Amino acid sequence: MEQSNSVSALRLAKNHARYALMTMYFFAGFTFATLVSRMPALQSIYNFKYLGLGVMELSMAIGGLLCMPICSNLANRYGSKKLTQMGYFVAITFSLIPIMPSKYLLFPVCMAYGAFVSLFDNAINGNSILVEHAYKRSILSKFHAIYYIGTLTGALVSILFLSLDIPTQIHFGVASLCVILELLFLRPYLIREKRNTQGEAKKFKLMFPKGILLVIAFFALFSRIIEGSINTWSTMYMKEVIELAQNLAPLGLAIYATFMAIGRFMGDIVRSRFSETYILFICGIITVTGLALLSCSTSMIVSCIALFIIGIGMSCVVPIIYSLAGSQPDVTPGAGIAMVNTISGTGFFFGPFLIAYIGDELGLRASFLYVFGLSIAMGILAYTLWNKSNKPMKK
């Protein structure tokens, strides 16, 4: 009887942890969609050109990148559950973005926001791998699918708020309040991993990937540039190049997020049948096709089809990367992910910021041709990885 009660308690605990994490992923996607959907409004508030928006995003990237080397140490020492407290600071700094009195004060706030987002993302990804291990089956893709359900919801809410002329400041404040409330109620249900006491007396040291983690990290670099560029700039592309009204411009992001979510819900089934390197290769081909179509399109319908294709192509990439990074020996899941993110985080220097610069000089269409070129490079790297393993099916 006691054994039965113990099994039931364990099952209930892991279910609670799973649903708590799903909610956190949802609101992470929701707040991100709120930010990028309001990019045209932020451009007006701070009187930015494309490059100004790029510097804002670059500030976020620098903040995230600076904290990445110590993030793996924090994950090892304190565990992913405790590290999710950074979500409160994410909410606070997010609410400040549209209300700063000048752009010179905005950039430090964006840097702090980027640092807290990186810490929080690392924490929930690390904890989701613990939950996956508890279930003893692949469920990581579903967590990342929920992120894009949140992104889709955030884009649709943004369309509604824009249509109702609700101020950007109130919009950001509502999103921040939602994040704070879900953290207050759901953090206690997360799994607490065993504390890593090995080498506890040693001082903090920078941890960088090596061996297979280094290979994973460089593939993650390419994928992050592409995914970040589509996430951040698709709304501006639909407004400036395809010439949609500002309240309809987030439609492209909504379509992309929809098919990212669908692809990630199906991702665990695909991962159970095919090898990871083969999936990455196929994803590379699909992504190249979608970006070729988007960078040449002139109509809303063609652009939406292109974003649907890109969404399917990119959908399985990140869960596979995090699964591989979080399953390496001798490091905790959070530490493995943090070390990969140390390299891949530099993608923001070559992604959204460079897109902004090219956009100011040559237009946003030229910027997306650059992203198309990066997708070809990612596809070549994916083919190299698959060619070495040459295992399309799992044994």
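Residues numbered from 1 in each chain as written. Predicted model: local features only at pLDDT ≥ 70, side-chain atom pairs only at ≥ 80, totals over all residues. Heavy atoms only, no water.

1. Re the overall build of the protein chain
A count of helices and strands for the protein chain gives 17 helices and zero strands. Across the 395 residues of the protein chain, 55% fall into the buried class. For the protein chain, contacts bridging at least 24 residues in sequence account for 86% of all contacts bridging at least 6. (Helix = DSSP H or I, 4+ residues; strand = E, 2+ residues; numbered from the N terminus. Buried < 20%, exposed > 50% of the residue type's maximum accessible area, 1.4 Å probe, protein only. Contact = heavy atoms within 4.5 Å.)

2. A look at the environment of Ile 358
Mapped onto the elements of the fold, Ile 358 is located in helix α16 (residues 352-362). As a C-alpha pair, Ile 358 and Tyr 50 span 308 residues in sequence and 8.9 Å in three-dimensional space. Ignoring sequence-local partners within four residues, the contact set of Ile 358 consists of Gly 363, Ala 366, Ser 367 and Tyr 370.

3. Let's talk about the packing of helix α5 (residues 86-96) against helix α6 (residues 103-135)
Two elements in contact, α5 and α6, have axes separated by 8 Å at closest approach and are oriented at 150 degrees. Between α5 and α6, the angle is such that the two are roughly antiparallel. As α5 packs across α6, the resulting crossing turns out to be left-handed. In this structure, α5 uses Met 86, Gly 87, Phe 89, Val 90, Thr 93, Phe 94 and Leu 96 to contact α6, whose residues at the interface are Val 109, Ala 112, Tyr 113, Phe 116, Val 117, Leu 119 and Phe 120. Partitioning the contact of α5 with α6 into residue classes produces 12 nonpolar, two polar and no charged. (Axes fitted to C-alpha atoms, helices over the stretch in contact; angles between N-to-C directions. Parallel < 35°, antiparallel > 145°, perpendicular 65-115°, else oblique. Left-handed = near helix turned anticlockwise from the far one by under 90°. Nonpolar A, V, L, I, M, F, W, Y, C, P; charged D, E, K, R; others polar.)

4. Details of a nonpolar patch on the surface
On the surface, a nonpolar cluster with roughly 410 Å² of combined accessible area is contributed by Leu 293, Met 300, Ile 301, Ile 305 and Phe 308. Ranked by the residues each element gives to the nonpolar patch, the list is headed by helix α12 (residues 300-314), at four residues. Among the structural elements, Leu 293 can be located in helix α11 (residues 276-296). According to the relative accessible area criterion, Leu 293 is partly exposed, its value standing at 32%. (Patch = residues over 30% accessible without salt bridge, like charges linked within 9 Å, V, L, I, M, F, W, Y side chains within 5 Å. Areas by Shrake-Rupley, 256 points an atom, 1.4 Å probe, with all protein chains shown as cover. Salt bridge = Lys/Arg side-chain N within 4 Å of Asp/Glu carboxyl O.)

5. A short note on the packing of aromatic side chains
Taken as a whole, this structure holds 16 aromatic pairs when the rule is applied. Geometrically, the ring pair formed by Phe 48 and Phe 107 is stacked, given 6.0 Å between the ring centres and 10 degrees between the ring planes. Residue Phe 48 is found in the loop between α2 (39-45) and α3 (50-78), and its partner Phe 107 is found in helix α6; the two are separated by 59 residues along the sequence. Judged on exposure class, the residue Phe 48 and its partner Phe 107 are both buried. Consider the rings of Phe 94 and Phe 172, whose centres lie 4.5 Å apart with planes at 10 degrees: the pair is stacked. You can see Phe 94 sitting in helix α5 and its partner Phe 172 sitting in helix α8 (residues 168-186), a full 78 residues away along the chain. Since its relative accessible area comes to 1%, Phe 94 is described here as buried. Look at Phe 172 and you get buried, because its relative accessible area is 0%. (Phe/Tyr/Trp six-rings, centres within 6.5 Å; stacked < 30°, edge-to-face > 60°.)

6. A short note on the nonpolar core
In this structure, Leu 35, Met 56, Ile 97, Trp 233, Tyr 256 and Leu 294 are the most contacted members of the largest nonpolar core, which totals 114 residues. Dropping the residues within four chain positions of it, Tyr 256 is found in contact with Tyr 148, Glu 227, Ile 230, Asn 231, Leu 307, Ile 310, Gly 311 and Met 314. (Core = buried A, V, L, I, M, F, W, Y, C linked by side-chain atoms within 4.5 Å.)

7. Describing unusual backbone geometry
What you tend to see is this: most non-glycine residues have negative phi, and most peptide bonds are trans. A positive phi angle, close to 55 degrees, is found at Asn 47, a residue other than glycine. Within the element layout of this structure, Asn 47 appears in the loop between α2 and α3. Asn 47 sits in the exposed class, given a relative accessible area of 67%.

8. Concerning the packing of α6 against helix α7 (residues 140-163)
α7 packs onto α6 with a crossing angle of 140 degrees between their chain directions and a minimal axis gap of 9 Å. As far as their axial angle goes, α7 and α6 are oblique. On α7, the residues touching Asn 125, Ser 128, Ile 129, Val 131 and Glu 132 of α6 are Leu 140, Phe 143 and His 144. A class-by-class count of the residues in the contact of α6 with α7 yields four nonpolar, three polar and one charged.

9. Some details on α7
Helix length check: α7, at 24 residues, gives a terminal C-alpha distance of 35 Å against a target of 34 Å (1.5 Å per residue), a fit within 8%. With 17 of 24 residues buried, α7 lies mostly within the body of the structure. Just past α7, the residue Asp 165 takes up positive phi, approximately 60 degrees. (Expected span 1.5 Å × (residues − 1).)

10. What about the pattern of salt bridges?
Under the counting rule described, the total for this entry stands at two salt bridges. Taking the shortest distance from any N to any O, the salt bridge between Glu 227 and Arg 264 comes out at 3.6 Å. Of this pair, Glu 227 sits in helix α9 (residues 212-240) while Arg 264 sits in helix α10 (residues 251-273), and the two are 37 residues apart along the sequence. Overall, Arg 264 belongs to the buried group, its relative accessible area being 1%. Here Lys 239 and Glu 240 are joined by a salt bridge, their closest N and O atoms 3.1 Å apart. Look at Lys 239 and you get partly exposed, because its relative accessible area is 24%. Classification of Glu 240 as partly exposed rests on a relative accessible area of 32%.

11. Observations regarding the confidence of the model for the protein chain
On average, the protein chain scores 83 in pLDDT, and the residues at 70 or more come to 87%. Taking the mean pLDDT of every element in the protein chain, the minimum, 69, falls on helix α15 (residues 347-350) and the maximum, 96, on α5. (pLDDT = per-residue confidence, 0-100.)

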